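Here is what each chain is made of, one letter per residue.
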Amino acid sequence: MARSRVQLKDHFSETRLFFSRVVWMVLLVGALTAITVTRLFYLQVADHHHYSTLSNDNRVKLIAVPPTRGLIFDRNGVLLAENRPDYRLEVTPEQVDDMDALIADLRRLVEVGDDDVRRFQVHLRRKHAFEGVPLRFHLSDEEVATLAVARHRLPGVNIVARLNRHYTLGGTLSHVVGYVGRIDERDLRSLDPTDYRATTHIGKIGIEKFYEDALHGRVGHQQVETNAQGRILRTLEEQPPQPGKHLYLSLDARLQRIAEEALGEFRGAVVAIEPNSGEVLAMVSKPGYDPNAFVNGISRTAYQALQGSHDQPLFNRALLGQYPPGSTIKPFMALAGLAYGESHSGHTQYCPGYYQLPGEARRYRDWKRGGHGRVDLDQAITQSCDVYFYDLARNLTIDRMHAFLAQFGFGERTGIDLHSERPGLLPSREWKRSQRGQVWFPGETLIAGIGQGYTLSTPLQLAVTTASLGTRGLRVRPRLLHAIQDPTDGSREPLVPVFLEPVGGLSEQQWDYVLEAMEHVVYGKRGTAAKLRDLPVRVAGKTGTAQVFGLAQDAEYDAEEIEERLRDHALFIAYAPADAPRIALAVVVENGGSGGSVAAPIAGRILQAFFDTIEGRP
Amino acid sequence: MKLADRYDLGAQGSAAPLTGWLARLHLDAALLLGLLALAGGGLVILYSASGEDLDEVARQGARFAVAFVAMVVLAQVSPQTLRRWTPRLFLAGLLLLIAVLVMGEIGKGAQRWLDLGVIRFQPSELMKLAVPMMVAWHLAESPLPPRALRLLASALLIVVPAALVAKQPDLGTALLIASSGFFALFLAGLPWRLLAGFAAAAAAFVWPAWEFLLHQYQRERVHTFFNPERDPLGAGYHIIQSKIAVGSGGVYGKGWLNGTQSQLDFLPERHTDFIFAVFSEEFGLIGALLLLAVYLYVVLRGLYIALQAQDTFSRLLAGSLSLTFFVYVFVNTGMVVGLLPVVGLPLPLISYGGTSMVTVMAGFGILMSIHTHRKLLSP
């Protein structure tokens, strides 16, 4: 009985003990649950915004869509730079059951090398199963067709096109149109990173570089939802890219090609412009190079071959080549003489074949050993008499020569729409003092008077100044861009010519006199460019033969080459028709010899083609 | 106390035919309601977490059916019978654990399974039930609170199987086994002084355990837990993505099937250990609180059953099983919300997977048996 009572008591106390322990545990459960709930509140309410952002960052990706680069045409709509699809064969692994069988299948259809397969296998391991892995690049049209036909039985096989810049005329336009290349470190410093997010190529030189902004267009964006592996599930928002503008150049591809052919194997440059608008009709620098080689990266050896060549194919002679203008300066000198009254129609000079400054023993030689005899200004131009111009220069003085020639734009950049144009050089006392630290010597005036000595001019500058002769002092900034076209609505916006301060201080009679003399160069009895007589229109021109000096004493030149490279540069400037010029041009043939016999016929062929076939027949 | 028992519906039956029927099957209607709610909610969220895979939902449903049968079967076994079989069950479990370890040594690598030819069986799952049963059995042998020697023996009954499981290595299950034994011990009246002593000893044990007991990958997990950004694409990825899922759910959630973290694969293990993150992302704070409330309801119902139990063995066992269930929930949700390190414990009754579900439901079968096999004592 007592024992039972004890047990009962025990039972009661045990129950109480257990009850209190359960209460403790309920408290613990409550406390731990409260912690969890607090944490949930903290995550889902207090920090909800933060995690919501992270969640969206996870799934929403902004994909930049590159704009299509604008095309480049010539003035007649001939395509010069296009975006050519480059097809490649891709395989999406997740859609393929038996990869080896598929590759074997594909090898029966198109050529797939062992190297291709090896590279494919490497890529295969690195990419997600839903991403296309390239197997073959640069498929030909036939291969694309073959695959397209067989595609229905080849699941997972895709033909992917990527646009590649292609220059249809290759080297003919390399120096004008230039090329695009892969964006490099230097480009990255100057470009807008947002706009170029998806762009791989950028204009490196030429028109491609100068009009990069217009050609590039504006980047587009796609907001997509992706899963954790990066597979795109759907597009949330889209802002399509704005394609780049099409450019219509003032160039005529036919004239360009004819000019290129006319230069033949010579190194040199031809620039032809439309005198009233400044539109450049042709701009050739020979030799050229294939710009297509640069688009996706040129090989080191190929680049070194171009860079190291003595012919300097990468050098744009038309824009950067600075040559002594030689006798082509004489019409300008003649105008200066008339303007300052140092010469007139009745004024003559006896040419014994040399000229001497009073009190000086040195003889300044005429190109014609025996001399031209007594010549007036007209004959001095027609026969290109140096002695007449030595005397004229002496009377004009270098100061007045500089002031007058500067009006035409000698010694300064023409402002054409290409980068890194050189200004040439129009010497003056001022220039010599500041650049050379020396005083001007009277003899240098004589040399400058026949376009030698310090005087330098680019072929472009010669063409532009020649145009100003033909238009009697009109000055217009030369331009390669003819019109800009918006690809979305097709509207074409032509460019207006930019006129500069015209050449003044000359009467019509004075102009007539000199310009007629330039016609006599071609049609006169003793004209130096008589070879152009048979052209369908009347041509006015002036030959030039520039002495080459200061040639680098480079041991690498062999004797024959030195001899060839010491030969005079042949120059010729012309405009036609003489009464109302529609074309003005300058031809510079490096080491070509005589302007009349080498440069003038080249100009003749170009003019012949221009008036025979091109003019009036776009 | 005893008078109150008499009016307990579960024990006495009722006029309602369903309740009466449940009583005859020894099932507790209140507990069953909570369990069915959890399982139902689990299937709903699994449909979303599995990427709307009905097959997977059906498989989980089938698994729940099996677990349900296990529960019903165990509910029929009276606590007395259970108590009688406890030592043998425990011994068998212990031997199987050793067998698994030995085979693991041979197989070189983690080994939790015992292949019985027909079915694969995890002895550690058996121990989740056998350990609290054994501790309760041992403590019920003498009046409470237990004496020192009994406590020491109980401690051995807990530590040995827990250590064997930890060696597999399965830290999550070892934790559950240890805590189930500890709960039995605590409910039996483990002196507070000893508890404080244990806590101190455990604190002192942390460093050697860290250095010598934990595997490198377990240490990694703890490192990652304290600083998930240390390795955002590797070990920290789970925690970071899980927190983003929960946090971005906000108060109302993104809606069923609309959780971007889960639907777009950013959340790893989303239909197993991290399913609570999917739930919180899609149903928000409101949904998560509701789910926790149901869990809490089940735990409290279990503790109520323990309070109602008539003998020490039943009491301790019922209390331990209920609290262990809570540990499951707390550790899993704590891991998902970044409160606790990543321990491979599923969210009970909701995470996709079979073995633990059967064990959990079997435990509830025992709880129901305890509640429905009470004898009415005359006053």
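Residues numbered from 1 in each chain as written. Chains lettered and ligands numbered in written order. Predicted model: local features only at pLDDT ≥ 70, side-chain atom pairs only at ≥ 80, totals over all residues.

Details of the overall build of chain B
1) Next: From N to C terminus, chain B includes 16 helices and two strands.
2) Next: The 379 residues of chain B split such that 49% are buried.
3) Next: Sequence separation of at least 24 residues holds for 70% of the intrachain contacts in chain B that already meet a minimum separation of 6. (Helix = DSSP H or I, 4+ residues; strand = E, 2+ residues; numbered from the N terminus. Buried ≥ 20, exposed ≤ 12 C-beta atoms within 10 Å, placed from the backbone. Contact = placed C-beta atoms within 7 Å.)

Quick look at the packing of helix α8 (residues 148-166) of chain B against helix α9 (residues 171-187) of chain B
For any two helices packed against each other, the geometry is given by the interaxial angle and the distance between the axes.
Residue and element names in this part refer to chain B.
1) Next: At a minimum axis separation of 8 Å, α8 and α9 run at an interaxial angle of 170 degrees. Classified by the angle between their axes, α8 and α9 sit roughly antiparallel to one another. Across the interface between the two elements, Ser 154, Leu 157, Ile 158, Pro 161, Ala 162, Val 165 and Ala 166 of α8 pack against Leu 171, Thr 173, Ala 174, Ile 177, Ala 178, Gly 181, Phe 182 and Leu 185 of α9.
2) Next: The residue makeup of the contact of α8 with α9, split by class, is 12 nonpolar, three polar and no charged. (Axes fitted to C-alpha atoms, helices over the stretch in contact; angles between N-to-C directions. Parallel < 35°, antiparallel > 145°, perpendicular 65-115°, else oblique. Nonpolar A, V, L, I, M, F, W, Y, C, P; charged D, E, K, R; others polar.)

Describing the interface of chain B and chain A
How big an interface is tends to be expressed through the accessible area that disappears when the partners come together.
1) Next: Each partner contributes residues to the interface: chain B has 40 residues there, and chain A has 33 residues.
2) Next: Those elements giving two or more residues to the side of chain B that touches chain A turn out to be α9, α12 (237-249), α13 (260-263), α14 (275-308) and α15 (312-336) of chain B.
3) Next: Considering only residue class, the side of chain B that touches chain A consists of 24 nonpolar, 13 polar and three charged.

Brief notes about the sheet that holds strand β8 (residues 220-226) of chain A
All names here are of chain A.
1) Next: Taken together, three strands build an open sheet; the order of strands is β1-β8-β9 and the sheet is antiparallel. Only two strands of the sheet have a single partner each, and these edge strands are β1 (60-65) and β9 (232-239). Sheet twist, expressed as the average angle between the axes of neighbouring strands with direction ignored, equals 30 degrees.
2) Next: Pairing analysis gives six bridges linking β8 to β9, with the strands arranged antiparallel. The partner of Gln 222 across the bridge, within β9, is Glu 238. (Pairing = 2+ DSSP bridges.)

What about the pairing of strand β11 (residues 268-273) of chain A?
Residues and elements named next belong to chain A.
1) Next: Counting buried positions along β11 yields six of six residues, so the element is predominantly enclosed.
2) Next: Side-chain alternation along β11 places Gly 268, Val 270 and Ala 272 on one buried face and Ala 269, Val 271 and Ile 273 on a second face that is also buried.
3) Next: Taken together, the six bridges between β11 and strand β12 (residues 280-286) define a ladder with antiparallel strand orientation. Looking at the pairing, Gly 268 lines up with Lys 286 of β12.
4) Next: Two successive antiparallel strands, β11 and β12, enclose a turn made up of six residues, where Gly 278 displays a positive phi of approximately 80 degrees.
5) Next: Alignment of β11 against strand β23 (residues 583-589), held across six bridges, turns out to be antiparallel. Its bridge partner lying in β23, Ala 269 is registered against Val 588.

Quick look at the nonpolar core
1) Next: Judged by nonpolar contacts, the single largest core of 124 residues is most densely connected at Val 270, Val 271, Ala 272, Ala 463, Leu 585, Val 587 and Ile 606 of chain A.
2) Next: It is helix α16 (residues 386-408) of chain A that provides the largest number of residues to this core, a total of 12 residues.
3) Next: Contact partners of Ala 463 of chain A, with chain neighbours within four places excluded, come to Val 271, Ala 272, Ile 273, Ala 584, Leu 585 and Ala 586 of chain A.
4) Next: Counting residues in hydrophobic clusters, the runner-up holds 115 residues, among them Ala 130, Phe 276, Phe 283 and Leu 345 of chain B. (Core = buried A, V, L, I, M, F, W, Y, C linked by C-beta atoms within 7 Å.)

Concerning the pairing of strand β3 (residues 79-91) of chain A
Residue and element names in this part refer to chain A.
1) Next: Across two bridges, strand β2 (residues 72-73) lies against β3 in antiparallel orientation. If you follow Ile 72 over to β3, its bridge partner there is Ala 81.
2) Next: Between β2 and β3, which follow one another and run antiparallel, lie five residues, and Gly 77 among them has a positive phi close to 85 degrees.
3) Next: Relative to strand β5 (residues 157-167), β3 runs antiparallel, the two sharing 11 bridges. What sits directly across from Leu 89, in β5, is Ile 159.

With respect to the confidence of the model for chain B
Residues and elements named next belong to chain B.
1) Next: Per-residue confidence for chain B gives a mean pLDDT of 86, with 87% of residues at or over 70.
2) Next: Highest mean pLDDT in chain B belongs to α14 (96); lowest belongs to helix α2 (residues 9-12) (45).
3) Next: The ipTM value of the predicted complex is 0.90, and its pTM value is 0.72. (pLDDT = per-residue confidence, 0-100.)

As for the confidence of the model for chain A
Residues and elements named next belong to chain A.
1) Next: For chain A, per-residue confidence averages 89 on the pLDDT scale, and residues scoring 70 or more make up 96% of the total.
2) Next: Considering only residues more than four positions removed or in separate chains, one finds that residues 1-9, a stretch of pLDDT under 50, has zero contacts.
3) Next: With pLDDT under 50 throughout, residues 550-557 is counted as low confidence; its partners more than four residues away or in other chains account for four contacts.

Structural notes on the environment of Gly 156 of chain A
Residue and element names in this part refer to chain A.
1) Next: Relative to the elements of secondary structure, Gly 156 occurs in the loop between α5 (141-150) and β5.
2) Next: The class of Gly 156 is partly exposed, set by 17 C-beta atoms lying within 10 Å.
3) Next: Considered as a pair, Gly 156 and His 246 are 90 residues apart in the sequence and their alpha carbons are 37 Å apart.
4) Next: If we ignore the near neighbours within four places in the chain, the residues touching Gly 156 are Val 91, Thr 92, Gln 95 and Val 96.

Digging into the domain arrangement of chain A
All names here are of chain A.
1) Next: Domain annotation of chain A identifies domain 1 (64-249) and domain 2 (253-296 + 310-614).
2) Next: Each partner contributes to the interface: domain 1 provides 36 residues, whereas domain 2 provides 27 residues.
3) Next: Of all the elements in the fold, those that place two or more residues in the side of domain 1 that touches domain 2 are β5, α6 (174-177), β6 (179-182), β7 (201-205), α8 (206-210) and β10 (246-249).
4) Next: Of the residues in the side of domain 1 that touches domain 2, the class split is 17 nonpolar, 13 polar and six charged. (Domains from an automatic or database assignment.)

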